[in-house]
Amino acid sequence: MNTFIYPGTFDPPTMGHLDIARRAAALCRNLYVVVLPNASKQACFSVEERVKMLQTCFEDLPNCTVDHYNGLLVDYVRLKQASAVVRGIRSESDLRYEQDMATANRLLYRDFEMLILLSRPDLAFTSSSIVREVGSFGGDISAMVPPAIVDFVSRRLKSRHQEDKLHE
Ligand code: COA
């Protein structure tokens, strides 16, 4: 029973993320859920907002710590002396993406290890971008986002959408 890391953009966290994190926490002594930068994505929620949302989702999990790190995943893994990084996959395309990331990370850090958990089939359709799109048009996101953060995410997406329209 060791330290695992569950990294992601979490923009915003979804029920799928929640499920993977809770299952991972049951398999290790300490789980770090960490918000990291993804160079190919422009985040909608600030790092502070994402950390706060994750803390709210996991406040009942005593072995889970929410963190953020502005650097490489492998450096965070070294810093925490973690034995594995956990990722969830929903489909074949997720698997290919994770394989590429794991290969690159292993080139950077020889001891890099990754644990893949399969998403629950009923959550396999969920993604942060679907949440952002549905929420920004005022749609019901309650089946996709953890109950503890639904109101915050809905309000935040609607107000951002209105701000964007003002600047059009
Ligand atoms: N259920 C539901 N959705 C899931 C999911 C699950 N179990 N697992 C992933 N997703 C979705 C997310 O909702 C998100 O959807 P979107 O693309 O529509 O927004 C997408 O899959 C992936 O997002 P997420 O899991 O939040 O993170 P990511 O893939 O953007 O994370 C990092 C990538 C942060 C781990 C990676 O960029 C990283 O390591 N960055 C640090 C810098 C670094 O080391 N770079 C070198 C990497 S080789």
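Keep in mind that this is a model prediction, so the values were computed, not measured.

Conventions and cut-offs
- Residues numbered from 1 in each chain as written.
- Predicted model: local features only at pLDDT ≥ 70, side-chain atom pairs only at ≥ 80, totals over all residues.
- Heavy atoms only, no water.
- Helix = DSSP H or I, 4+ residues; strand = E, 2+ residues; numbered from the N terminus.
- Buried < 20%, exposed > 50% of the residue type's maximum accessible area, 1.4 Å probe, protein only.
- Contact = heavy atoms within 4.5 Å.
- Areas by Shrake-Rupley, 256 points an atom, 1.4 Å probe, with all protein chains shown as cover.
- Lys, Arg positive; Asp, Glu negative; His and termini not counted.
- Charge placed at Lys NZ, Arg CZ, Asp CG, Glu CD.
- Pairing = 2+ DSSP bridges.
- Right-handed = clockwise from strand over helix to strand, strands pointing away.
- Axes fitted to C-alpha atoms, helices over the stretch in contact; angles between N-to-C directions.
- Expected span 1.5 Å × (residues − 1).
- Arc of directions from axis to C-beta.
- Phe/Tyr/Trp six-rings, centres within 6.5 Å; stacked < 30°, edge-to-face > 60°.
- Near = heavy atom within 4 Å.
- Polar contact = N/O pair within 3.5 Å; in protein donor to acceptor, adjacent residues only side chain to side chain.

**Quick word on the overall build of the chain**
- A count of helical and extended segments in the chain gives six helices and five strands.
- Each helix and strand of the chain, placed in order from N terminus to C terminus, yields the pattern β-α-β-α-β-α-β-α-β-α-α.
- Across its three principal directions, the C-alpha atoms of the chain cover 50 × 30 × 30 Å.
- Out of the 168 residues belonging to the chain, those deemed buried represent 45%.
- Sequence-distant contacts in the chain: of pairs separated by 6 or more residues, those separated by 24 or more amount to 75%.
- Counting every atom, the chain has about 9500 Å² of accessible surface; 52% of that belongs to carbon and sulfur.
- One finds the centroid of the 20 positive side-chain charges in the chain at a distance of 2 Å from the centroid of its 21 negative side-chain charges.

**Section: the pairing of strand E4 (residues 84-89)**
- Taken across its six residues, E4 has five buried, putting it largely inside the fold.
- Judged from the five bridges that link them, E4 and strand E5 (residues 114-118) form a sheet pairing that is parallel. Bridge pairing in E5 links Gly88 to Leu117.
- Taking the sense of rotation as the criterion, the β-α-β connection linking E4, helix H4 (residues 92-108) and E5 turns out right-handed.

**Observations regarding the sheet that holds strand E3 (residues 64-68)**
- If you walk across this open sheet you meet the five strands as E3-E2-E1-E4-E5, and the pairing is parallel. The outermost strands of the open sheet, each flanked by one partner alone, are E3 and E5. Across the sheet, the mean angle from the axis of one strand to that of its neighbour is 30°, orientation sign disregarded.
- Here helix H2 (residues 47-57) sits on the sheet in contact with strand E2 (30-35) and E3, set at roughly 175° to E3.
- The sheet strands contacting H4 are E4 and E5, and the helix crosses E4 at an angle near 165°.

**Some words on helix H6 (residues 150-166)**
- Its 17 residues give H6 an end-to-end C-alpha distance of 25 Å, which sits within 8% of 24 Å, the value for a rise of 1.5 Å per residue.
- Within H6, the full set of buried residues consists of Val150, Val153, Ser154 and Leu157. Each buried residue of H6 lies within a common arc of 100° when the element is viewed along its axis, so the set occupies one face. Of the residues in H6, the exposed ones pointing more than 90 degrees away from the buried face are Asp151, Arg155, Gln162 and Leu166.
- Each element contacted by the buried residues of H6 is listed here: H2 and helix H5 (128-136).

**Some details on the packing of aromatic side chains**
- Within this structure, the stated rule accounts for four aromatic pairs.
- A centroid spacing of 6.3 Å and a plane angle of 45° characterise the contact between Phe45 and Phe152, whose relative ring orientation is tilted. Here Phe152 lies in helix H6 and Phe45 lies in the loop between E2 and H2, a separation of 107 residues in the sequence.
- Given a relative accessible area of 1%, Phe45 falls into the buried group.
- Exposure remark for Phe152: the relative accessible area of 27% places this residue in the partly exposed category.

**A short note on the site of the ligand**
- Of all residues adjacent to the ligand, which total 28 residues, the nearest are Thr9, Lys41, Arg87, Ser128 and Ser129.
- Pro37 has a polar backbone atom sitting 2.9 Å from a nitrogen atom of the ligand.
- For the ligand, an oxygen atom lies 3.2 Å from a polar atom in the side chain of Tyr97.
- Expressed as a share of its isolated accessible area of 950 Å², the protein-covered part of the ligand is 87%.

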